[in-house]
Amino acid sequence: MKEIKFIIAEAEAEITKLLGSRVKLYLRMQADDESEVVPDEVFEAVELITGVSKAQIKSPKRDRKISDARTMFCYVLRNHSKLSLYSIGALVGNRDHSTVIHAISKCVELRNANDFFAPLQRVYTHLNLLMPNEK
């Protein structure tokens, strides 16, 4: 079942790449929840705000800038999509679900740091989302 969801997410990404914004709008309209996002929208927002490309987010590189962008991507998708940890891990370079859990918890910890929070807030603003309240 997890593999099917991953295949669907990848197919959506490829269709969006081929057909552009019309498909994104359709996928957005099909979402059950207004705050649900499509992975490609998050990739684009993170790239725009951080300057880290989709290919770099998927890469095995562990530079701070790339790692922070990957962390933001995982955090936004986990909070605003119905994708499983497994599916999110597959989108960021076939990483294990426990790596995604670590990225999300790291994002929660770093939200208080201005150098991390400001770009994360801009990603949320770009996607027209509200940041979740964390304890």
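All residue numbers refer to position in the chain's written sequence, counted from 1. Under the rules for a predicted model, residues below a pLDDT of 70 receive no local features and side-chain atom pairs below 80 are neither given nor counted, while totals for whole chains, interfaces and linings still include all residues. To get the side-chain values, take all heavy atoms of the structure and skip hydrogens and water.

Enquirer: Describe the environment of Cys74, and please don't skip the residues or the numbers.
Expert: Its location among the elements puts Cys74 in helix H5 (residues 64-80). Sequence separation between Cys74 and Cys107 is 33 residues; the distance between their C-alpha atoms is 8.9 Å. When checking whether two residues touch, look at their non-hydrogen atoms; a contact exists if any pair is within 4.5 Å. Dropping the residues within four chain positions of it, Cys74 is found in contact with Ile88, Val92, Val100, Ala103 and Ile104. Only DSSP runs of H or I reaching four residues or more are called helices, and only runs of E reaching two or more are called strands; each is numbered from the N terminus.

Enquirer: Please set out the environment of Arg111 residue by residue, giving values where relevant.
Expert: Following the sequence through the fold, Arg111 ends up in the loop between helix H7 (97-110) and helix H8 (114-126). Working definition: with a 1.4 Å probe on protein chains only, accessible area under 20% of the residue-type maximum means buried, over 50% means exposed, and in between means partly exposed. Residue Arg111 is classed as buried on the basis of its relative accessible area, which comes to 16%. Expressed as a C-alpha distance, the spacing of Arg111 and Gln121, which sit ten residues apart in the sequence, is 9.2 Å.

Enquirer: Can you explain helix H3 (residues 39-50)? Please cite residues and give values.
Expert: To estimate the expected span of a helix, subtract one from its residue number and multiply by 1.5 Å. In this model H3 runs 16 Å from its N-terminal to its C-terminal C-alpha over twelve residues, within 8% of the 16 Å that 1.5 Å per residue would give. For H3, every residue scored as buried is listed here: Pro39, Asp40, Glu41, Val42, Phe43, Ala45, Val46 and Thr50.

Enquirer: Which residues make up the confidence of the model for the chain, and what values go with them?
Expert: Averaged over the chain, the pLDDT score is 83; the fraction of residues at 70 or greater is 80%. Each residue carries a pLDDT value, the predictor's own confidence for that position, ranging from 0 to 100. Of all the helices and strands in the chain, helix H2 (residues 21-30) carries the lowest mean pLDDT, 53, while helix H4 (residues 54-58) carries the highest, 95.

Enquirer: Could you give an account of the side chain of Ser67, with specific residues and numbers?
Expert: Looking at the element boundaries, Ser67 is found in helix H5. Exposure remark for Ser67: the relative accessible area of 18% places this residue in the buried category. In contact with Ser67, not counting residues within four places along its chain, are Arg62 and Lys106.

Enquirer: Got a sec to walk through the pattern of salt bridges? Specific residues and values, please.
Expert: The salt bridge definition used is simple: a Lys or Arg side-chain nitrogen within 4 Å of an Asp or Glu carboxyl oxygen. All told, the structure shown has three salt bridges when counted by the stated rule. Linking Arg64 and Asp68 is a salt bridge whose minimum nitrogen-to-oxygen distance equals 3.1 Å. You can see Arg64 and its partner Asp68 sitting in helix H5, four residues apart, about one turn around the helix. In this structure Arg64 comes out as exposed when scored by relative accessible area, which is 54%. Owing to a relative accessible area of 12%, Asp68 belongs among the buried residues under this scheme. In this structure, Lys106 and Asp68 form a salt bridge, with 3.6 Å as the shortest nitrogen-oxygen distance.

Enquirer: Lay out the packing of H5 against H7 with the relevant residues and their values.
Expert: Where helices are involved, their axes are fitted lines through C-alpha atoms of the stretch in contact, as for all axes, and angles between N-to-C directions lie from 0 to 180°. Direction vectors running N to C along H5 and H7 enclose 100 degrees, while the axes themselves pass 8 Å from each other. As summarised for this structure, H5 and H7 are arranged roughly perpendicular, according to the angle between their axes. Across from Ser67, Asp68, Thr71, Cys74, Tyr75 and Arg78 in H5, the residues of H7 making contact are Val100, Ala103, Ile104, Lys106, Cys107, Val108 and Leu110. Classification used: nonpolar for Ala, Val, Leu, Ile, Met, Phe, Trp, Tyr, Cys and Pro, charged for Asp, Glu, Lys and Arg, polar for all others including Gly. For the contact of H5 with H7, the per-class residue count stands at eight nonpolar, two polar and three charged. Our angle categories are set so that under 35 degrees counts as roughly parallel, over 145 as roughly antiparallel, 65 to 115 as roughly perpendicular, and the remainder as oblique.

Enquirer: How would you sum up the nonpolar core? Please name residues and give values.
Expert: In terms of nonpolar packing, the biggest core is built from 32 residues, with Val42, Phe73, Val76, Leu77 and Leu120 touching the most fellow members. Of all the secondary structure elements, the ones that give two or more residues to this core are H3, H5, helix H6 (85-91), H7 and H8. Residue contributions to this core peak at eight residues, all from H5. Once residues within four sequence positions are removed from consideration, Val76 is found in contact with Val37, Val42, Leu120, Val123, Tyr124, Leu127 and Leu129. We define a nonpolar core as any set of buried Ala, Val, Leu, Ile, Met, Phe, Trp, Tyr and Cys residues linked to one another through side-chain atoms lying within 4.5 Å.

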